[in-house]
Amino acid sequence: MLPSFTATDFLPLGRYSVSAEEAESLLVKAPEFEDSKTRTRLWTKLHSYVEGFLALEDAYASVLDGLPLIHRLWLGGSFVSAKLDPRNIDATLLIDVRAERAIRGRPGSKWLTAAFKRDSIQRHFEVSPVRVGYLPVSHVFRPGHMSPEAQTYFMERGVWDDWWQRCRLPDQADRSPSEASAAPARGYLEVRL
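Model, not experiment: these values are computed from the prediction.

Draft legend 1. Just the sheet that holds strand E5 (residues 187–192), in detail. On the basis of which strands lie adjacent, the open sheet formed by five strands has the order E1-E5-E2-E3-E4 and mixed pairing. In this open sheet, the two edge strands, each paired with only one partner strand, are strand E1 (14–19) and strand E4 (127–134). Ignoring strand direction, the axes of neighbouring strands in this sheet form an average angle of 25°. In this sheet, strand E3 (residues 89–96) lies alongside strand E2 (residues 70–76) in antiparallel orientation, the contact comprising six bridges. Considered in E3, the bridge of Ile70 is made with Ile95.

Draft legend 2. Main features of the nonpolar core. Membership of the largest hydrophobic core comes to 40 residues, with the highest contact counts inside it found for Tyr49, Phe53 and Leu75. Looking at this core element by element, the count peaks at seven residues for helix H2 (residues 39–59). With sequence-adjacent residues up to four places away left out, Phe53 is seen in contact with Leu69, Ile70, Leu93, Ile95, Trp111, Leu112, Ala115 and Phe116. Within the second largest apolar cluster, nine residues are counted, among which are Val130, Tyr134, Trp164 and Tyr188.

Reading guide: rules and limits
Residues numbered from 1 in each chain as written. Predicted model: local features only at pLDDT ≥ 70, side-chain atom pairs only at ≥ 80, totals over all residues. Heavy atoms only, no water. Pairing = 2+ DSSP bridges. Helix = DSSP H or I, 4+ residues; strand = E, 2+ residues; numbered from the N terminus. Axes fitted to C-alpha atoms, helices over the stretch in contact; angles between N-to-C directions. Core = buried A, V, L, I, M, F, W, Y, C linked by side-chain atoms within 4.5 Å. Buried < 20%, exposed > 50% of the residue type's maximum accessible area, 1.4 Å probe, protein only. Contact = heavy atoms within 4.5 Å.

And the structure:
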């Protein structure tokens with residue numbers, strides 16, 4: 001069952017795993033967004049943005065051996081709120097580093113770098129992307145035994161999980177993260193592609 005927006009105009013606390021169709025149903029096609037001037041356009045542009053990764057997966061399917069480039073897509077910010085007309089989509093892409101390594105240096109793989117140049121991506125796709133290098137880690141309770149790459153993955157994953165559950169404080173001149181804004185106050189979506 002899809003979560004509903006609360007009285008604060010956000011999702012209840014937590015990360016909600018949904019399909020792309022469920023995310024569209026909640027964030028674009030819901031009756032409360034019928035009069036939105038931006039949501040359909042933003043969703044279409046997000047699809048175009050993600051298509052760059054899916055095209056690489058198709059082109060190099062034999063090399064990837066079933067590995068997806070995008071392990072998961074996290075959506076947060078104003079697009080995952082009751083705001084009628086958000087101006088962009090904030091996204092964290094968990095990129096499978098094994099898949100990324102398998103196609104680096106091949107024709108078209110420059111997209112893996114270009115896709116995270118935030119200014120140009122925001123101008124063209126209206127997506128504000130952040131990359132987290134995903135790695136499957138077997139011994140999660142023994143960080144001292146993790147590779148530096150796995151430790152970085154866990155740290156970055158934790159940073160963005162924390163961030164998407166924060167709210168900026170109203171009437172605060174400095175809107176950057178602070179101790180006062182650290183308490184979880186909203187939910188976000190994890191989209192399965």
